[in-house]
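So the chains spell out like this:
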Amino acid sequence: MFLNLNNLYKETFSFGVMKVLIAMPMYNEEKDIGRHLSKFAKYYKNNYSMLIIDDGSKDNSLEIVNKFAKKLRIKIIKHNVNKGLSVTMNDLFYSASHK
């Protein structure tokens, strides 16, 4: 199941102003994910959107990202089971590139 990214694409490339799409895989990253999201948001200000695929994390990574998603432009895709980095990266590229 893939997230419909039509709105994300329109938001990212509206009015001819190019913004950054940060696409990242995530698996059991509760120790670091909050720090990474804070740094991205601070560095890119309002010129970014984030796409995160949770690859079946067993820790609180997804809950942390959901808290950030209330304030930041984050779209989350969740794998119910760990599919591995290769499949997750393919899903990221597919999701980011399809309008």
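On a predicted model such as this, the values are computed, not experimentally measured, just so you know. (Residues numbered from 1 in each chain as written. Predicted model: local features only at pLDDT ≥ 70, side-chain atom pairs only at ≥ 80, totals over all residues. Heavy atoms only, no water.)

### Observations regarding the nonpolar core
The cut-off we apply is this: Take the buried residues of types Ala, Val, Leu, Ile, Met, Phe, Trp, Tyr and Cys, join any two whose side-chain atoms come within 4.5 Å, and each joined set is a nonpolar core. Burial status follows relative accessibility: with a 1.4 Å probe on protein chains alone, a residue under 20% of its type maximum counts as buried, one over 50% as exposed, and anything between as partly exposed. Only DSSP runs of H or I reaching four residues or more are called helices, and only runs of E reaching two or more are called strands; each is numbered from the N terminus. Contacts between residues were defined by any pair of non-hydrogen atoms, one from each residue, lying within 4.5 Å.
Listed in full, the 12 residues of the largest apolar core are I22, M24, M26, I33, L37, A41, Y48, M50, I52, V65, L72 and I74. Listed by contribution, the elements that provide at least two residues to this core are β1 (20–26), α2 (33–44) and β2 (48–55). With sequence-adjacent residues up to four places away left out, I74 is seen in contact with L37, M50, I52, V65, F68 and A69.

### Let's talk about the pairing of β1
Let me state the cut-off plainly: For two strands to pair, DSSP has to find at least two bridges joining them.
Pairing of β1 with β2 involves 7 bridges; the strand directions are parallel. Of the residues in β2, the one forming a bridge with M24 is I52.

### With respect to unusual backbone geometry
Despite not being glycine, N28 shows a phi value in the positive range, around 50 degrees. Mapping N28 onto the fold places it in the loop between β1 and α2. With a relative accessible area of 31%, N28 lands in the partly exposed category.

### What about the environment of I53?
The topology assignment puts I53 in strand β2. In sequence terms I53 and K75 are 22 residues apart; their C-alpha atoms lie 8.6 Å from each other. With sequence-adjacent residues up to four places away left out, I53 is seen in contact with M24, P25, M26, I77, H79, T88, D91 and L92.

### Looking at the confidence of the model for the protein chain
Heads up, the rule is: pLDDT expresses, on a scale from 0 to 100, how confident the predictor is about each individual residue.
When the pLDDT values of the protein chain are averaged, the result is 83; 81% of them are 70 or greater. The weakest mean pLDDT in the protein chain belongs to helix α1 (residues 6–13) at 47; the strongest belongs to helix α3 (residues 61–69) at 95. A low-confidence stretch, residues 8–15 stays under pLDDT 50, and its non-local contacts, those more than four residues away or across chains, total 13 contacts.

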